[in-house]
Amino acid sequence: MATNKEIIAAAYASFAEGDVPSVLALMDPDIEWTDAEGWPLYSGTLVGPQSVVDGVFMRLGEIGDNFALNVTQLVADGDTVVGLGTYSWNRKDSGEPAEVKMAHVWTLANGKLTRFQQHVDTAKERYLIA
């Protein structure tokens, strides 16, 4: 069986490839997905994979063009894995590149993603998408 760190690494790799069904297959049916307060797309907690698709994944284009999640480090401790990196995109008004640092805290149980907590500089992100 894969380690929790390997499961999260696989989830990020699938997301980068646009393989959303593989990401969803890793989620517990009752996953609690909490985005940072003030995040432009959603601020609060979504429950269930379809809510994540509708409330987050399908809306990433609202941030800008060519949205990418760039994970540079994974830190694991028991059932918790932290992903560190950046979000990057091209600004809609000018096409200029934009980037903000992020941290994701994942909780896993029995090989499934049960909780997600996003940490990001929402003020900077709002400025860059305006």
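Anyway, here's the lowdown on the structure attached to this text. (Residues numbered from 1 in each chain as written. Predicted model: local features only at pLDDT ≥ 70, side-chain atom pairs only at ≥ 80, totals over all residues. Heavy atoms only, no water.)

### Section: the overall build of the protein chain
Inference 1: Across its full length, the protein chain carries four helices and six strands.
Inference 2: When the helices and strands of the protein chain are placed in sequence order, the string is α-α-β-β-α-β-β-β-β-α.
Inference 3: Whereas a compact globule of 130 residues would reach a radius of gyration of roughly 14 Å, the protein chain reaches 14 Å, a difference of no more than 12%.
Inference 4: The principal-axis extent of the C-alpha atoms belonging to the protein chain is close to 45 × 25 × 25 Å.
Inference 5: Residues counted as buried form 41% of the 130 residues belonging to the protein chain. (Helix = DSSP H or I, 4+ residues; strand = E, 2+ residues; numbered from the N terminus. Rg over C-alpha atoms; globule rule 2.2 N^0.38 Å. Buried < 20%, exposed > 50% of the residue type's maximum accessible area, 1.4 Å probe, protein only.)

### Let's talk about the packing of aromatic side chains
Inference 1: What the rule picks out here adds up to eight aromatic pairs.
Inference 2: Ring plane angle 40° and centroid distance 5.4 Å describe the contact between phenylalanine 67 and tyrosine 87, whose orientation is recorded as tilted. In this pair, phenylalanine 67 is assigned in strand E3 (residues 65–77) and tyrosine 87 in strand E4 (residues 80–90), connecting sequence segments 20 residues apart.
Inference 3: On the accessibility criterion, tyrosine 87 (4% relative accessible area) is buried.
Inference 4: In this structure an aromatic cluster arises from ring pairing among Tyr12, Phe15, Trp33, Phe57, Trp106 and Phe116. (Phe/Tyr/Trp six-rings, centres within 6.5 Å; stacked < 30°, edge-to-face > 60°.)

Shape is all these values report; function is a separate question.
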